[in-house]
Amino acid sequence: MPVPDAIILGGISLSLTANLIALSLVIRALRRSSAACSTGPSHERAAFDRSPVALLVRERHGPVKAWNRAAEKLYGWPRGKIVGMNACSILETKFAVEWPQVEAMLDAHGHWTGHVEQKHMSGHSITTLVQWTLVRGQPGCPDMIVEANIELTGDAAAIFGRLSEERYRTIFDTLAVGVWEHDFRAVKQELDRLHSAGVVDIRKYIKENPDFVTRMRRTVTISNPNDAALGLFDVASRTDFFKKLSDFLPEDDGSFEECIVAIDDGEEKFVCETEFRNPDGEAIAAIVALSFPPGTGYDRVTGSVLDIGDRRRMEAMIAKTRAELEQALRAASLGELSATIAHEVNQPLAAVINFARAAQCWVCSPVPDLMETRAALTDVIEAAQNAADVVRRVRTLLGKAKPEYAPVPVDQVIGTAVLLAQRDADTRGITIVQELQAPGSLILGDRILLQQVVANLLGNAMQAIDAFNPPSRRVTLGTSADDEHVRLAVRDTGGGFSPEDFERAFETFYTTRSEGMGLGLSICRSIVEALDGTIEIANRSECAGAAITIVLPRTRADGRFRSHGRRLDACLRRDHLLRRTQ
């Protein structure tokens, strides 16, 4: 601050300090006699009245209670006319800060000091330095404000005005968003003229007169940009900044039409997303917020502009990355589909090989047995057809087509699956035991897919037994049924599930075997859930080994469920593998 400014402000501070005695007497009198709501004894009122500083006492939100001679001289209002009136209203007080800040200072500290613009009784303006002190009222009496006011004239008023302007300029320039002011008076005047000429619907008028928006855009002038606005357009100084809205808002922009409508509708705010052009012609994506406070006119409409170019570039980068990931995911899904089909046709192809070898043995024996050879070749044909059916069903399951659901006898499907796996079990020295106790029980589903579930579980069970090599090598398949459900349990004498297996057993490609694909249980769950059933894994309690239980809704021969008469919804609830392969 320059030295002369400091001297002047120091003198004002000393003037206020010199009157603290009179001010303290008033405060003390108010506190002592607040129960009677008076200003105190006569000698204290005399000190209050003789103070050279304009002093007044008023209710916090009400009328003036006391008004000394200096106040009469400063404002021109005699005591008899001002007492009982609201001083802020009579003097038309305008604060340099927001009113809530004044209230907050009073409540927090009991006093507030600042400068205000007020009106003399004659009508001319006065800039005053004010000091307010809050006196809490006793029960039954309101809070009181004691004011000490000094007129700021000449250099003092200029200093405070300059300090206030510098303070707000600093705040204005340090904002992170671009801000400037618009003069929309010409737009408002033209809208008023059109209404006077009988135009009612401005939108319709704009549609019929497309050049109107262009003309109005050219009338809007720009002023007072802050530093962020200069940086937004890469402009060196305020003198080089755009002078009119049309200088940087393209004529094909549609947001200005909406702005005109907002002004016509008397809106207090207008927000839009648009694009500006910098001096080099490059596009700048931005969100614009205009404020039209009522009663302030349209000559200094503040616009706040937020650059969203970085956001748009980020969105474009995310979209590009998403497209690349989707392409990679499709490639991976094709690999998973191939692996799934390869996994599922393994069992029927193994059966084809076993039956073909059997036929070869019967033919090459010293006494060929043509009957057995014919039976083995028939089994080869059936196993090959089964492999083709598996491929078709898996493609249906992974695609968008609906499977061909029909009533399926569970025990019969299990018998067929065991037949396909029997020779492999004999080779491994594993006994397959069937405890089928659901004769005639039906589920609504796909026979081939259900058969593959059983084949997968049988294959997993035999592999677990080979890995654990227990004394008893046995796989047991059991079924049971009640009125609502059919249950299938597959129990083996292998090593059972580890804690990690319980968490990840149904994950795609999770396997504990070096040669495994990790697809069996994942596919089983997908098929079972598509049949509106559940599948659970556990370790056997009576001996070593694992137990897998499947529960499926039971149906009648006509395809209706026994319990509720519902028809099965053919829409599949695929797991994450199946969702990714679409």
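For the structure given in this document, a descriptive report is provided here. Predicted model, so just to flag it, every value in this text is computed and none were measured. (Residues numbered from 1 in each chain as written. Predicted model: local features only at pLDDT ≥ 70, side-chain atom pairs only at ≥ 80, totals over all residues. Heavy atoms only, no water.)

## A short note on the sheet that holds strand 6 (residues 144–151)
Definition in use: Two strands qualify as a pair provided DSSP detects at least 2 bridges between them. For helices the rule is a DSSP run of H or I covering at least 4 residues; for strands it is a run of E covering at least 2, with both sets numbered from the N terminus onward. Two residues qualify as a contact provided that any one of their heavy atoms is within 4.5 Å of a heavy atom in the partner residue. Simply put, an axis is a line fit to the C-alpha atoms, just over the touching stretch for a helix, and the angle between two N-to-C directions goes from 0 to 180 degrees.
Spatially, the 6 strands line up as an open sheet ordered 2-1-6-5-4-3, and their pairing is antiparallel. Looking at strand neighbours, the two that pair on one side only are strand 2 (64–67) and strand 3 (94–95), the edges of this open sheet. In this structure, strand 3 lies alongside strand 4 (residues 111–119), joined through 2 bridges in antiparallel fashion. In the strand pairing of strand 4, F95 is matched with V116. Helix 7 (residues 99–109) contacts strand 3, strand 4, strand 5 (125–135) and strand 6 of the sheet and is inclined by roughly 145 degrees relative to strand 4.

## A look at the packing of aromatic side chains
Just so we agree on the cut-off: The aromatic pairing rule takes the rings of Phe, Tyr and Trp, using the six-membered ring of Trp, and pairs them if the centres are within 6.5 Å, calling planes under 30 degrees apart stacked, those over 60 edge-to-face and the rest tilted. Any Lys NZ or Arg CZ found within 6 Å of a ring centre and within 35 degrees of that ring's normal is scored as a charge over the ring.
Per the stated rule, a full pass over the model turns up 21 aromatic pairs. Note on W180 and F248: the rings are 5.5 Å apart at their centroids and 80 degrees apart in plane angle, and the pair reads as edge-to-face. Of this pair, W180 sits in strand 7 (residues 178–183) while F248 sits in the loop between helix 12 (227–233) and helix 13 (255–264), and the two are 68 residues apart along the sequence. What links up through ring pairs into an aromatic cluster is the set W180, F233, F241, F242, F248 and F276. Taking the ring centre of W132 as reference, the NZ or CZ of R58 above it sits at 4.5 Å.

## Focus: the pattern of salt bridges
Note on pairing: side chains with opposite charge can pair once their charged atoms come close. The following threshold applies: The rule for a salt bridge is simple: a side-chain nitrogen of Lys or Arg has to be within 4 Å of a carboxyl oxygen of Asp or Glu. Here's how the labels work: a residue is buried when its accessible area is under 20% of the maximum for its type, exposed when over 50%, partly exposed in between, all with a 1.4 Å probe on protein chains only.
A full pass over the atoms with the stated rule returns 20 salt bridges. Here R300 and E181 are joined by a salt bridge, their closest N and O atoms 3.1 Å apart. Residue R300 is found in the loop between strand 10 (283–291) and strand 11 (301–307), and its partner E181 is found in strand 7; the two are separated by 119 residues along the sequence. Under the relative-accessibility criterion, E181 is labelled buried at 12%. Taking the shortest distance from any N to any O, the salt bridge between D466 and R428 comes out at 2.1 Å. In this pair, D466 is assigned in helix 18 (residues 447–468) and R428 in helix 17 (residues 410–428), connecting sequence segments 38 residues apart. Residue classification places D466 among the partly exposed positions, given a relative accessible area of 32%.

## Brief notes about helix 13
Counting buried positions along helix 13 yields 7 of 10 residues, so the element is predominantly enclosed. Taken together, the buried positions of helix 13 are occupied by S255, F256, C259, I260, V261, A262 and I263. Along its buried surface, helix 13 packs onto helix 9 (185–196), helix 10 (202–208), helix 11 (211–219), strand 9 (269–277) and strand 10. In the stretch just after helix 13, G266 is the one whose phi turns positive, near 75 degrees.

## Observations regarding the packing of helix 9 against helix 11
How we decide: By the definition adopted for this analysis, an angle is roughly parallel if under 35 degrees, roughly antiparallel if over 145, roughly perpendicular if from 65 to 115, and oblique otherwise. Residues are sorted three ways: Asp, Glu, Lys and Arg are charged, Ala, Val, Leu, Ile, Met, Phe, Trp, Tyr, Cys and Pro are nonpolar, and all the rest, Gly among them, are polar.
Orientation of helix 9 relative to helix 11, taken along the N-to-C sense of each, is 140 degrees, at an axis distance of 8 Å. Classed by the angle they form, the pair helix 9 and helix 11 counts as oblique. Touching A186, V187, E190, L191 and L194 of helix 9 are F212, M216 and T219, all from helix 11. In the contact of helix 9 with helix 11, the residues fall into 6 nonpolar, 1 polar and 1 charged.

## Structural notes on unusual backbone geometry
Residue E92 is not a glycine yet carries a positive backbone phi of 50 degrees. When you line up the elements, E92 lands in the loop between helix 6 (87–90) and strand 3. Under the relative-accessibility criterion, E92 is labelled partly exposed at 44%. Its identity is not glycine, yet N224 carries a phi of approximately 55 degrees, on the positive side. On the basis of relative accessible area, N224 is assigned to the partly exposed category, the value being 28%.

## Details of the nonpolar core
As a reminder of what qualifies: Definition of nonpolar core: a set of buried residues of the types Ala, Val, Leu, Ile, Met, Phe, Trp, Tyr and Cys, connected through side-chain atoms within 4.5 Å.
Core analysis: the largest hydrophobic core is formed by 43 residues, its most contacted members being I443, L457, L458, V475, L477 and I550. Top contributing element to this core by residue count: helix 18, with 9 residues. Discounting residues that sit within four places of it in the chain, I550 has contacts with V453, L457, V486, R487, L488, V528, T534 and I535. Grouped together as the second largest cluster of nonpolar side chains are 41 residues, V220, I222, V261 and F276 included.

## Digging into the sheet that holds strand 10
Within the open sheet, the 5 strands sit side by side as 8-7-11-10-9. Their pairing is antiparallel. Each end of this open sheet is capped by a strand with a single partner; those strands are strand 8 (221–223) and strand 9. For this sheet the average axis-to-axis angle between neighbouring strands, irrespective of direction, equals 35 degrees. Pairing analysis gives 5 bridges linking strand 10 to strand 11, with the strands arranged antiparallel. Pairing of A286 across the sheet is with D307, part of strand 11.

## Thoughts on the packing of helix 11 against helix 13
At a minimum axis separation of 10 Å, helix 11 and helix 13 run at an interaxial angle of 80 degrees. Between helix 11 and helix 13, the angle falls in the class roughly perpendicular. Every residue of helix 13 that contacts helix 11 at F212, V213, M216 and R217 is listed here: F256, E257 and I260. Considering only residue class, the contact of helix 11 with helix 13 consists of 5 nonpolar, no polar and 2 charged.

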